[in-house]
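A structural walkthrough
Here is what each chain is made of, one letter per residue.
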Amino acid sequence: MKTISTFAEYQSEYKKSVETPELFWAEHAETFTWKKKWDKVLDWNFVDLNIKWFDGGTLNITENCLDRHLETQPNQTAIIFEANDPNEPVRKITYKELHTEVCKFANVLLSNGAKKGDRICIYMPMVPEAAVAMLACARIGAIHNVVFGGFSANSLVDRINDSAVNILITSDGSFRGNKQIGLKEIADEALKLTPSVKTTIVLKRTGQTVNMLAGRDKWYHEEMQNVAATHIAAEVNAEDELFILYTSGSTGKPKGVVHTTAGYMVFAEYSFRNVFQYRHKPSPNGEGMGEAPIFWCTADVGWITGHTYIVYGPLLAGATTLMFEGIPTYPDAGRFWHAIDKHKVNIFYTAPTAIRSLMAMGDEFPAKYKMDSLQILGSVGEPINEEAWHWYHEKIGHGNCPICDTYWQTETGGFLISPLANIGKDKPAHAGFPLPGIQTILVDSEGKVLEGNGVEGNLCIKFPWPSAIRTTYGDHERCKQTYFSTYKGLYFTGDGAKRDTDGYYRILGRVDDVMNVSGHRIGTAEVENAINEHPAVVESAVVGYPHDIKGQGIYAYVICDKAIADENETRKEILAVITKVIGPIAKPDKIQFVKGLPKTRSGKIMRRILRKIAEGEVSNLGDTSTLLDPAVVEDIKIGAEKLR
Ligand code: 7RM
C-alpha cells in the first residue's frame, strides 16, 4: 500500500482495489508477521454467506501489535493512561512493558484453565488492564467478549450466556466523574445466572470493598505475581474468531457480531494509518523509528470504536494511544481540552454528541487551552451536523485541522467512508468517500442500483472487505437474514445515504428500527421489552426523535392496564426498570401514557405516525385510513402536546 497524500492517489488506489482486490489486499497483508502465509487471499459468497480472507494462513495478532515493534521501538510509549481524577499520576506503558504485561496475563489465563477458542468476558473500566486483558485473550487464541461497563447485570447475563463464557474479567469498581460504580457488585448479581462462568479475575481499581467467592474469584494483582513474564503466542488460523461484540439490532435481543483474526487485523491497521495519515516522525539519528504521534480516541473499549481504534489499529501501527477513564465534564467541561494540552495530543477522535454537549457549555472552556499540538480531528457514531462541525473545526482545530468524519459499524470492523486526512476533501456534515477496498453502492427500495451522483438511497456494499462481519454468534442464519437478504448479493448497512453532485456521501441515518442515542446503538424493540417488564405496562412503542445534544432522544408511548394514580411515579419506576434491564443509556427522554397505539388492521404499529408526533410534526401525519382505530391518533396528539 503506497502512501496516499493526494486525491489523485486516492483515486488510483481505489481503482486498483476494485480491479485487483486480491492483489491490493495481499500487498498490504504482506507487511505483517505471519507464522504461515495464506493459501488463498479471498473466498466469498454473499448469498450463502461465507467470507474467508487469507485462508490457510496462521498468525497471532498480538505478535503484530507487540512483538514486532520490540525490534524497532521497544521504548516507545504504547499506552498513555489519563485517569478519571486529573491529579492521579499519568501512566505511560512502553511497547516492551505492554508486551510483558500481556504475556503475564496470558499465563494467568492459562493457569486458570483457559484454552484456545474459549469465550472470555471483559467487563471493565477504561484502564490499560482492559487492553491487556483483550490482548492476552488474543495471545492464547481465546475469544474476547467485551461488555461496556455501563451495562446492567441483566445485559451482562445475556451476553455471557449467549456465548457460554467461562472466565469473567472485571474490577472492584470504576470511577466516572464524581461517581463510583461497583462493577464487581453488578457482576456478582449477574454471576447468579451464568452457570458457565467458573472463574472471575478482579482488578483492584477503586479499592472499594467487594465480596470474593473462594475458589471462583481471584485478584488480578495476586495472579500476576505467580506467572512467567514470557509467553509464546498461540498459532491461530486466519479465520479463527478473534472477538464477539454484542450490538443492538431491530429485534429485541442484541446479537453477537463475530470478527475473525487476519482480515480484521489487516483492515484495522490499514484504515487507522490511512484515514488519520498516521506517520512516525523521522528518527533523529536515522536509525530505528522516530517518535510516534499521540492519538486519542475518546470511545470506551466496550464499543467497536474502542476495539479497533483504541486498541488494535493504533497498536498494530506502533502508535501511542491514549486511554481516558473519565467523562468529558469532570472536573469541568474543559477536561478534553486540558488533556489535549497535557499530553500534546496530535490526533483527536470523538463523537458528535460529545462535541455538541461541550459546545453548549460555552466557548470559554476551549479558549483556556492552546491545543496547538492538534493536527487531525475525527468524528464517529452519528452524522455530525454543520454547526457542530464548524465549532469543532474552529474552536478545537483552530481552523488548521482536517476533520475525518468516519462512517462505519460494529459489523464492518473498521471505517467504510471517511475523508482521508490532509487530502483536502473534508466537507461539513459529509462522511466523504469510501476507503480504497470498500465498494459502496446505493440502491432503491427494490434493490435497483442508483448510478451516478445526486442520488439518495439505501447504502450497501457489494464486495467483501477484510474486516466484514463473518457471522452472528451461534446463529449464522440470523446474520444472513439481517445483513445479506434485504438485497440479494449485497451487504446492507441499514443506513440511508445520499451521494451528492460532487460524489461525497452524506449519511442520512438508520432506515430500520435502530436508534442512535449519543452515538450508542439501541434497538426500539429492546427498550420496549424492558418497559414491558413493568407490572402495570400492557404494551409500549418506542421511537427515536431529533435531540439537540444526543442526536436522537428516546420517546416511549406506554399503555398501562389501569388508570395510573401518579404518572410521574410510574415514569420513575419505568426508568428504574430500564436501568436494571439494559442500563442507563437506554432511558427514554419522554414517556407518554396512552390509551391505545396506532395499529394497522394486521396489528402492526405504525411507527411512522408515532415518529412524526414525537418530532412535533402533527399537522401532516400522512395516510391514517388503514388504521384500525384512527381516533387513537387524536388522543396521542393531545397527550403529546401536554408533554412538550
Ligand atoms: C462506529 C459505530 C453504527 C451506526 C451506523 C450509523 C451510525 C456511525 C457515523 C454514523 C453518520 C457517521 N458503530 N454512524 N458513524 N452515521 N456518520 N460518521 O458507531 O455499530 O455502534 O453504530 O452508527 O447509523 O449504522 S455502531
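The structure we're discussing is the one just above.
Here goes a summary of the coordinates provided. (Residues numbered from 1 in each chain as written. Predicted model: local features only at pLDDT ≥ 70, side-chain atom pairs only at ≥ 80, totals over all residues. Heavy atoms only, no water.)

A few points about the overall build of the protein chain
Looking only at helices and strands, one finds 19 helices and 30 strands in the protein chain. Once the C-alpha set of the protein chain is aligned to its principal axes, its extents read approximately 75 × 65 × 55 Å. Counting the 644 residues in the protein chain, one finds 61% classified as buried. Taking the intrachain contacts of the protein chain between residues at least 6 apart in sequence as the baseline, contacts between residues at least 24 apart amount to 70%. Entry remark: accessible area of the protein chain is about 24400 Å², with carbon and sulfur atoms responsible for 50%. Taking the 70 positively charged and 79 negatively charged side chains of the protein chain as two groups, their mean positions are separated by 1 Å. (Helix = DSSP H or I, 4+ residues; strand = E, 2+ residues; numbered from the N terminus. Buried < 20%, exposed > 50% of the residue type's maximum accessible area, 1.4 Å probe, protein only. Contact = heavy atoms within 4.5 Å. Areas by Shrake-Rupley, 256 points an atom, 1.4 Å probe, with all protein chains shown as cover. Lys, Arg positive; Asp, Glu negative; His and termini not counted. Charge placed at Lys NZ, Arg CZ, Asp CG, Glu CD.)

A word on the side chain of Ser 17
Locating Ser 17 in the fold gives a position in helix 1 (residues 7-19). Take Ser 17: its relative accessible area is 2%, and that puts it in the buried class. Within the structure, the side chain of Ser 17 is placed 2.8 Å from the backbone nitrogen of Gly 437, a separation counted as a polar contact. Not counting chain neighbours up to four residues away, the residues in contact with Ser 17 comprise Phe 24, Pro 436, Gly 437 and Gln 439. (Polar contact = N/O pair within 3.5 Å; in protein donor to acceptor, adjacent residues only side chain to side chain.)

Looking at the packing of aromatic side chains
The relation between two aromatic rings is expressed through the spacing of the ring centres and the mutual angle of the planes. Taken as a whole, this structure holds 50 aromatic pairs when the rule is applied. A ring pair is formed by Tyr 487 and Phe 492, whose centres lie 5.2 Å apart and whose planes are at 80 degrees; its orientation type is edge-to-face. Phe 492 gets classed as buried once you look at its relative accessible area, which sits at 10%. Geometry around Phe 7 places Lys 425 over its ring, the cationic atom sitting 4.3 Å from the centre. Sitting over the ring of Tyr 504, Lys 427 keeps its end group 4.2 Å from the ring centre. (Phe/Tyr/Trp six-rings, centres within 6.5 Å; stacked < 30°, edge-to-face > 60°. Lys NZ or Arg CZ within 6 Å of the ring centre and 35° of its normal.)

A look at the sheet that holds strand 7 (residues 143-146)
If you trace the eight strands from one edge of the open sheet to the other, you get 12-11-8-6-7-14-15-23, paired in mixed fashion. With one partner strand each, in any of the chains shown, strand 12 (217-219) and strand 23 (471-472) form the two edges of the open sheet. Pairing between strand 14 (residues 241-247) and strand 15 (residues 255-260): six bridges, direction antiparallel. Counted as the bridge partner of Thr 247 is Lys 255 from strand 15. (Pairing = 2+ DSSP bridges.)

Let's talk about the site of the ligand
By nearness alone, 17 residues border the ligand, and Asp 405, Thr 406, Thr 410, Asp 495 and Arg 510 come closest of all. Taking Arg 510, its side chain carries an N or O atom lying 2.8 Å from an oxygen atom of the ligand. The contact in question runs from an oxygen atom of the ligand to an N or O atom on the side chain of Asn 516, over 3.4 Å. Coverage of the ligand by the protein amounts to 95% of the 530 Å² it exposes when considered alone. (Near = heavy atom within 4 Å.)

A closer look at the sheet that holds strand 4 (residues 77-82)
What the seven strands build is an open sheet, ordered 5-4-17-16-18-19-20; its pairing is mixed. Across the chains shown, the open sheet's two edge strands, defined by having one partner strand only, are strand 5 (91-94) and strand 20 (403-406). The average angle at which neighbouring strand axes cross in this sheet is 20 degrees, direction not considered. Direction of pairing for strand 4 relative to strand 5: antiparallel, over a ladder of four bridges. Among the inter-strand pairings, Ile 79 is bridged to a residue of strand 5, identified as Ile 93. (Axes fitted to C-alpha atoms, helices over the stretch in contact; angles between N-to-C directions.)

Some details on the environment of Ala 228
Along the chain, Ala 228 turns up in the loop between helix 8 (220-225) and strand 13 (236-237). Judged by relative accessible area, which is 45%, Ala 228 ranks as partly exposed. Taking the C-alpha atoms as reference points, Ala 228 and Thr 94, 134 residues apart in sequence, are found 19 Å from one another. Sequence-distant contacts of Ala 228, defined by excluding residues within four places in its chain, comprise Cys 103, Lys 104 and Asn 107.

Here's the deal with the side chain of Thr 94
Mapped onto the elements, Thr 94 comes out in strand 5. With residues near it in sequence (within four places) discarded, Thr 94 still touches Pro 74, Asn 75, Gln 76, Thr 77 and Ala 78.

With respect to the nonpolar core
Membership of the largest hydrophobic core comes to 124 residues, with the highest contact counts inside it found for Phe 54, Leu 98, Phe 105, Leu 109, Phe 276 and Tyr 312. It is helix 5 (residues 128-140) that provides the largest number of residues to this core, a total of ten residues. Apart from the residues within four sequence positions on either side, Leu 98 is in contact with Leu 66, Ala 78, Ile 79, Ile 93, Val 132, Leu 135 and Leu 315. Ranked by size, the runner-up nonpolar core spans 37 residues in total, among them Val 517, Ala 530, Ala 536 and Ile 591. (Core = buried A, V, L, I, M, F, W, Y, C linked by side-chain atoms within 4.5 Å.)

Looking at the pairing of strand 4
Counting buried positions along strand 4 gives six out of six residues, so the element sits mostly inside the fold. Pairing geometry for strand 4 and strand 17 (residues 320-324), over four bridges, is parallel. Its bridge partner lying in strand 17, Glu 82 is registered against Phe 324.

Quick look at the pattern of salt bridges
All chains considered together, the criterion is met by 40 salt bridges. When the shortest N-O distance is used, the salt bridge between Glu 19 and Lys 15 registers 3.6 Å. With Glu 19 and Lys 15 both in helix 1 and four residues apart, this pair spans about one turn of that helix. For the salt bridge of Lys 35 with Glu 63, the shortest nitrogen-to-oxygen distance reads 3.2 Å. Of this pair, Lys 35 sits in the loop between helix 2 (21-29) and strand 1 (40-45) while Glu 63 is found in helix 3 (residues 61-72), placing the two residues 28 residues apart along the sequence. (Salt bridge = Lys/Arg side-chain N within 4 Å of Asp/Glu carboxyl O.)

Quick word on helix 19 (residues 631-643)
Look at helix 19: 19 Å from first C-alpha to last across 13 residues, which is about the 18 Å you get at 1.5 Å a residue. Within helix 19, the full set of buried residues consists of Val 632, Val 633, Ile 636 and Ala 640. For helix 19, the arc enclosing every buried residue in end-on projection is 95 degrees, short of the 170-degree limit, so these residues lie on one face. Exposed positions of helix 19 whose direction lies more than 90 degrees from the buried face are Ile 638 and Lys 642. Looking at the buried positions of helix 19, the neighbouring elements they touch are strand 29 (551-560), strand 30 (590-593) and helix 18 (607-615). (Expected span 1.5 Å × (residues − 1). Arc of directions from axis to C-beta.)

Considerations on the pairing of strand 29
Burial analysis of strand 29 places eight of its ten residues in the buried class, which makes it a mostly covered element. With ten bridges joining them, strand 28 (residues 537-547) and strand 29 adopt antiparallel strand pairing. Looking at strand 29, one finds that Ala 541 is bridged to Tyr 557. Counting the residues that bridge the hairpin from strand 28 to strand 29 gives three residues.

Focus: the packing of helix 4 (residues 95-111) against helix 5
Running from amino to carboxyl end, helix 4 crosses helix 5 at an angle of 65 degrees, the nearest separation of the two axes being 8 Å. In the packing of helix 4 onto helix 5, the handedness of the crossing is right-handed. Residue-level inspection shows Leu 98, His 99, Glu 101, Val 102, Cys 103, Phe 105, Ala 106, Leu 109 and Leu 110 of helix 4 in contact with helix 5, the latter providing Val 132, Ala 133, Leu 135, Ala 136, Cys 137, Arg 139 and Ile 140. A per-class count over the contact of helix 4 with helix 5 returns 13 nonpolar, one polar and two charged. (Left-handed = near helix turned anticlockwise from the far one by under 90°. Nonpolar A, V, L, I, M, F, W, Y, C, P; charged D, E, K, R; others polar.)

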